[in-house]
Amino acid sequence: MLNQVRIVLIETSHGGNIGAVARAMKNMGLSELALVRPCDHLSGQAVARASGADDLLRAAQVYDTLDDALVGCQLVIGASARLRKVRWPQLDPRQCAQKVAAEAGAGRRVALLFGRERTGLTNAELDLCHYLVHIPANPEYSSLNLAMAVQVIAYELRMAEVQPQQPGREPAPVEAFEGFMEHLTEALYDIGYLDERNPEKLLRRLRRLFHRAELDQHEINILRGILNAAQGNKRRSGQGRELWQRRIRGNR
Ligand code: SAH
């Protein structure tokens, strides 16, 4: 997904910022940098701020016009330090990342546009954008340094990319969870932790705790194995089950 994303900087006036953008991009796994009428982007300061990301800096494409820099891009999102009137649909960085992940995931090319240090993006430049992304900063001081704005947005892109790739944990279905809760109730009863008086409150708290964990089947199997061991692998007393059925099922 990150390969489909081009970062476009317009008329950046400070080489150090371009270098810092390259670094922020490389940290987050972005690699395509396009510069429209930049200052000297290979100055000593630029290279120094890029640190180990000077390869990105050297590979950056330089364009005379924004239109040229956007050729081939199917979704354009402009980063704006100011909240604009309703003319442009606005996203926060997380929504922006979701949008980009969806488009890039479908193989589309995406451009993220960043404006000048002093004046940001012009209205004509905003007109090329399908969406604006605004980092919700302190409203009295909302303009971030260019490279820091790139950093925040690139981080969200990375999070959006990384999350779906985490090895697919499938939460167990309701019946497996309920079977576990039933077993837990029995076991707590068998080991003398629960008594007849008022187990519902505790069981409900435990239920909330385990729901939060979004247990998968394998984890449920482990927990039930522990319960079996705690019960001493004895034949279950049956009293716990009775309690469960009467108090918990009856309430639903
Ligand atoms: N003074 C300018 C801001 C320039 S900051 C203005 O008022 O528009 C340079 C660039 O960093 C901006 O054009 C924008 O692309 C990005 N940027 C800075 N702060 C941002 C924020 N809060 N949200 C989104 N982008 C931001």
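Above this note sits the structure.
All chains use their own residue numbering, which begins from 1 and follows the written sequence. Local features are withheld for residues below a pLDDT of 70 in this predicted model, meaning they are given only at 70 or higher, and side-chain atom pairs are given and counted only at 80 or more; totals for whole chains, interfaces and linings count all residues. Side-chain descriptors were evaluated using all non-hydrogen atoms of the structure, hydrogens and water having been removed beforehand.

Time to look at the pattern of salt bridges. Salt bridge, as used here, is a side-chain nitrogen of Lys or Arg placed within 4 Å of a carboxyl oxygen of Asp or Glu. What the rule picks out here adds up to 10 salt bridges. As a salt-bridge pair, Lys26 and Asp55 come within 3.1 Å of each other at their nearest N and O atoms. Of this pair, Lys26 sits in helix α1 (residues 15–28) while Asp55 is found in helix α3 (residues 54–59), placing the two residues 29 residues apart along the sequence. A salt bridge links Arg109 to Glu32; the nearest nitrogen and oxygen atoms lie 2.9 Å apart. Here Arg109, found in the loop between α5 (93–105) and β6 (110–114), pairs with Glu32, found in strand β2 (residues 32–36); they are 77 residues apart in sequence, far enough to count as distant. A run of DSSP states H or I qualifies as a helix once it reaches four residues; a run of E qualifies as a strand once it reaches two. Both are numbered from the N-terminal end.

So, on to a positive patch on the surface. The grouping of Lys201, Arg204, Arg205, Arg208 and Arg212 at the surface amounts to a positive patch. Note on placement: Arg205 falls in helix α9 (residues 199–212). Under the relative-accessibility criterion, Arg205 is labelled exposed at 55%. For patch detection, residues must exceed 30% relative accessible area and be free of salt bridges, and they are connected within 9 Å for like charges or within 5 Å for nonpolar side chains (Val, Leu, Ile, Met, Phe, Trp, Tyr). Exposure was quantified through the Shrake-Rupley algorithm and a 1.4 Å probe, taking into account, for residues, occlusion by the shown protein chains and nothing else. Only four residue types enter the tally: Lys and Arg on the positive side, Asp and Glu on the negative side; His and the chain ends are excluded. Charge positions are represented by NZ for Lys, CZ for Arg, CG for Asp and CD for Glu. Only protein chains enter the calculation, and the probe is 1.4 Å; a residue is then buried if its accessible area is under 20% of its type maximum, exposed if over 50%, and partly exposed in between.

This part covers the packing of helix α8 (residues 174–190) against helix α10 (residues 217–230). At a closest axis distance of 10 Å, the pairing of α8 and α10 adopts a crossing angle of 15°. Comparing their axes, α10 and α8 come out roughly parallel. In the crossing of α8 with α10, the sense of the turn from one axis to the other is left-handed. Residues Ala176, Phe177, Gly179, Phe180, His183, Leu184 and Ala187 of α8 form the contact with α10, whose own contacting residues are Gln217, Ile220, Leu223, Arg224, Leu227 and Asn228. Ten residues, namely Ala, Val, Leu, Ile, Met, Phe, Trp, Tyr, Cys and Pro, are considered nonpolar, four, namely Asp, Glu, Lys and Arg, are considered charged, and the remaining ones, Gly among them, are considered polar. Residue composition of the contact of α8 with α10, grouped by class: eight nonpolar, four polar and one charged. Between the N-to-C directions of two axes lies an angle of 0 to 180 degrees, each axis being a line fitted to C-alpha atoms and, for a helix, fitted only over the stretch in contact. Should an angle fall under 35 degrees it is called roughly parallel, over 145 degrees roughly antiparallel, and 65 to 115 degrees roughly perpendicular, with every other angle called oblique. Working rule for handedness: look at the near helix, and if it is turned counterclockwise from the far one by less than a right angle, call the crossing left-handed; if clockwise, right-handed. Contacts between residues were defined by any pair of non-hydrogen atoms, one from each residue, lying within 4.5 Å.

Take the nonpolar core next. For this analysis, a nonpolar core means a set of buried residues of the types Ala, Val, Leu, Ile, Met, Phe, Trp, Tyr and Cys, connected via side-chain atoms within 4.5 Å. In this structure, Ile7, Leu9, Val21, Leu33, Leu112 and Phe114 are the most contacted members of the largest nonpolar core, which totals 41 residues. Non-local contacts of Leu33, meaning those with residues more than four positions away in its chain, are made with Ile7, Leu9, Ile18, Val21, Met25, Ala60 and Gln61. Of all hydrophobic cores here, the second largest spans 17 residues; its members include Leu66, Ala69, Val76 and Leu121.

Remark: α8 packs on α9, axes separated minimally by 11 Å, with the N-to-C direction vectors making an angle of 135°. Comparing their axes, α9 and α8 come out oblique. Like other packed secondary-structure pairs, α8 and α9 cross with a definite hand, here right-handed. Residues Phe177, Glu178, Phe180, Met181, Leu184, Thr185 and Leu188 of α8 touch α9, and the partners they reach there are Leu203, Leu206, Arg207, Phe210 and His211. Split by residue class, the contact of α8 with α9 holds eight nonpolar, two polar and two charged.

Moving on, we get to the environment of Tyr141. Position of Tyr141 relative to the elements: it lies in the loop between β7 (131–133) and α7 (146–165). Counting along the chain gives 59 residues from Tyr141 to Arg82, while the straight-line C-alpha distance between them is 9.9 Å.

We now examine the site of the ligand. The local shell around the ligand holds 19 residues, among which Ala79, Arg82, Ile135, Ser142 and Leu144 are the closest. Polar contacts, as used here, are pairs of N or O atoms within 3.5 Å; protein pairs need one atom able to donate a hydrogen and one able to accept it. Residues neighboring in sequence count only if both atoms are side-chain atoms. Here Ala79 contributes a backbone N or O atom positioned 2.6 Å from an oxygen atom of the ligand. For the ligand, whose free accessible area comes to 540 Å², the fraction covered by protein is 93%. Broken down by class, the residue content of the shell around the ligand amounts to eight nonpolar, seven polar and four charged. The nearness test applies per residue and asks whether one of its heavy atoms lies within 4 Å of the molecule or strand.

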